[in-house]
Amino acid sequence: MGKFAEIVPEHVRALPAYVPGKPIQQAEAEYGVKMTKLGSNENPFGPSPLAVKAVEAAARGVNFYPDTEMTALRERLALHHKVAANQIIVTAGSTTLLDLLARTLLGPGLNAVSSERSFIIYPLVTRAAGAEYRQVPMRNDGFDLDAISDAIDGDTRLVYIANPNNPTGTMIPAAEMDRFLNRLPENVVVALDEAYYDYAQWMARERGVDYSHAEQYVREERSVVVLRTFSKAHGLAALRVGYGMGPAELIGYLARIKPAFLVSGPAEAGALAAMDDHTHYEKSMRNNTQQLEWMKRELIEMGYTPVESWANFLYIETGEDSSTLSRRLEMNGMIVRPLSGSWGARTAIRVTIGAPAENRKFIDALKNATKGAAVR
Ligand SMILES: Cc1ncc(COP(=O)(O)O)c(C=O)c1O
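What you are looking at is a predicted structure, and each value in this text was computed from that prediction instead of being measured. (Residues numbered from 1 in each chain as written. Predicted model: local features only at pLDDT ≥ 70, side-chain atom pairs only at ≥ 80, totals over all residues. Heavy atoms only, no water.)

1. Focus on the pattern of salt bridges
Taken as a whole and judged by the stated rule, the model has 24 salt bridges. The partner of Lys 37 in a salt bridge is Glu 42, with the nearest N and O atoms 2.9 Å apart. According to the relative accessible area criterion, Lys 37 is partly exposed, its value standing at 22%. Residue Asp 141 pairs with Arg 117 through a salt bridge whose shortest N-O separation is 2.8 Å. Residue Asp 141 is located in the loop between strand S4 (132-136) and helix H7 (145-151), and its partner Arg 117 is located in the loop between strand S3 (111-115) and helix H6 (121-128); the two are separated by 24 residues in the primary sequence. Judged by its relative accessible area of 16%, Arg 117 is buried. A cluster of three or more residues bridged by salt bridges with shared partners is formed by Arg 139, Asp 144, Asp 146 and Arg 183. (Salt bridge = Lys/Arg side-chain N within 4 Å of Asp/Glu carboxyl O. Buried < 20%, exposed > 50% of the residue type's maximum accessible area, 1.4 Å probe, protein only. Helix = DSSP H or I, 4+ residues; strand = E, 2+ residues; numbered from the N terminus.)

2. Let's talk about the sheet that holds strand S8 (residues 242-245)
Within a sheet, each strand pairs with its neighbour through backbone hydrogen bonds, oriented either parallel or antiparallel. An order of S2-S8-S7-S6-S5-S3-S4 is seen for the 7 strands of this open sheet, with the pairing classed as mixed. Both outer strands of the open sheet, strand S2 (88-91) and S4, are each paired with one neighbouring strand and no more. Mean inter-strand twist for the sheet, computed between neighbouring axes without regard to direction, equals 20°. As defined by bridge partners, strand S5 (residues 156-162) adjoins strand S6 (residues 189-193) across 5 bridges and the pair is classed as parallel. Residue Ile 161 lies in a different strand from S6, and its bridge partner there is Leu 192. (Pairing = 2+ DSSP bridges. Axes fitted to C-alpha atoms, helices over the stretch in contact; angles between N-to-C directions.)

3. With respect to the domain arrangement of the chain
Parsing the chain into structural domains produces domain 1 (10-47 + 278-369) and domain 2 (49-274). The centre of domain 1, based on its C-alpha atoms, is set 23 Å off from the matching centre of domain 2. Summed over both partners, the interface of domain 1 with domain 2 comes to about 3,200 Å²; 68% of that surface belongs to carbon and sulfur atoms. One can count 2 salt bridges joining domain 1 with domain 2. Counting the contacts that link domain 1 with domain 2 gives 9 residue pairs in polar contact (both at pLDDT 80 or more). Breaking the side of domain 1 that touches domain 2 down by element, the ones donating at least two residues are helix H13 (278-301) and strand S9 (313-317). (Domains from an automatic or database assignment. Buried area = accessible area lost by both parts, 1.4 Å probe. Polar contact = N/O pair within 3.5 Å; in protein donor to acceptor, adjacent residues only side chain to side chain.)

4. What about the packing of aromatic side chains?
This model, assessed by the stated rule, comprises 8 aromatic pairs. An angle of 5° between the planes, with centres 4.6 Å apart, marks the rings of Tyr 122 and Tyr 160 as stacked. Separated by 38 residues along the polypeptide, Tyr 122 in helix H6 and Tyr 160 in strand S5 bring together distant segments of the chain. Taken individually, Tyr 122 and Tyr 160 each receive the classification buried, so the pair is uniform in this respect. Judged by centre distance (6.4 Å) and plane angle (40°), the rings of Tyr 133 and Tyr 160 are tilted. In this pair, Tyr 133 sits in strand S4 while Tyr 160 sits in strand S5, placing the two residues 27 residues apart along the sequence. For the pair shown, Tyr 133 and Tyr 160 are each scored as buried. Across from the ring centre of Trp 310, 4.6 Å away, lies the NZ or CZ of Arg 207, which sits over that ring. Lying across the ring of Tyr 197, Arg 228 places its NZ or CZ 3.6 Å from the centre. (Phe/Tyr/Trp six-rings, centres within 6.5 Å; stacked < 30°, edge-to-face > 60°. Lys NZ or Arg CZ within 6 Å of the ring centre and 35° of its normal.)

Listed below in C-alpha cells is the structure:
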C-alpha cells in the first residue's frame, strides 16, 4: 500500500478512475490515420460563432476574477425559463453540479438510486461522497421508474434520472415523470438530468409529444433539481458551463459548497452569446433529427436494431465485444464509445450523430470493421 493509502479514506481509494472518450490526437498517434470522433456527444458544427466572438472579447479581461455569482448568466437563464434567479446555479459543466449535489445531500449511511446503463458519473460522485449507489434494471432499454421507487428507502437522499438517457437515448414522457414525482417521499431529491434537452424537445415538438415539465417543477418548488448544459447543442463542451434549476433553499445550500470562481469570465460570456445564436442552434437541431433518421436506416439495413433515440447519439447492440469492435473502427479512422466497463453494456457501442460526411464515414468504417462478421 502506498504512503498515502493510510490517510486516504477507503471509499476514495475504492473509486474507479473516470474513462473519457478517446481524444482524437491519441487515436491518430496510435493508428496513424485521420480520425473522426463520434464518441462524446459533441456538436459536429463546432461552437456557436457568436460565442467564439464573445469569448475572444472576454479574454481581454481575464486579469480580473470572474463574478463568482454568475449574476448576468443566472438572470438571463431565469428570464429564459421564467423562474427566479435564486433558483438557478451555474457550474463548470453539469458534471460539477452532480458532484455538488452528492456532496450536499449524501454521506456514509445514505444512498442514491438510479438505473443500470445510465451516466457513469452518477455512481462516481455518489461513492466519492461515501454513500451507497443503488442501480435498478432497465425496462426496454429505458428507466424503470417503478423499480426506482421500490429501491428508495428512508436513507435515500438522491435519485438520478437522465432524460433522455445516456447511453441508450430513451426518453421518459412528462406525464410518467409527473406520476413518479407525485409518489416521491419527502426525504428524496430528484436530479433530473436533461443534458440532451434541446434535441429531445426539438423532436418532441415535431412529433407533438409532451416531453418535459421541468420548468413547471421548478416554479412549484418541487424536490427536483433540473440539470442543463451548454456542452452539447451550443457546442461549448471545453468552456465548461452547465446549470441547475431547483428550489431556492436547496440551490442556496449548493451555492455554499460550490468553490469560488468556479466558472470563468470567458465561459459566462460564451454561454450568454450562445443563447442568442439561433442560427447555429437550429442548424444543429435540424441536422441531428435528419441524420439520426439516416443513420438508423443504414444500421437497420446492416442488420442492427439501434434503440430509438431522443438525443444526439445512437445505442447499438453489436453482439460482439465492444472494445474489440471499437479498436477495429479506430483502425478505420472512427472513434465511437465502447460501452463495456462502467457503462455495463459489454457488447454495445454508442455513436454520436455527426455531420452528414462523418456519419457516412462511420457506416463505411462499420461495414469494413465487420466484414465477414455474422450480423447480429
Ligand atoms: C447524461 C449526461 N449528464 C451530464 C453530462 C455532463 O455534461 P457537462 O459536464 O459537459 O455539462 C453528460 C455528458 O456527456 C451526460 O451525458
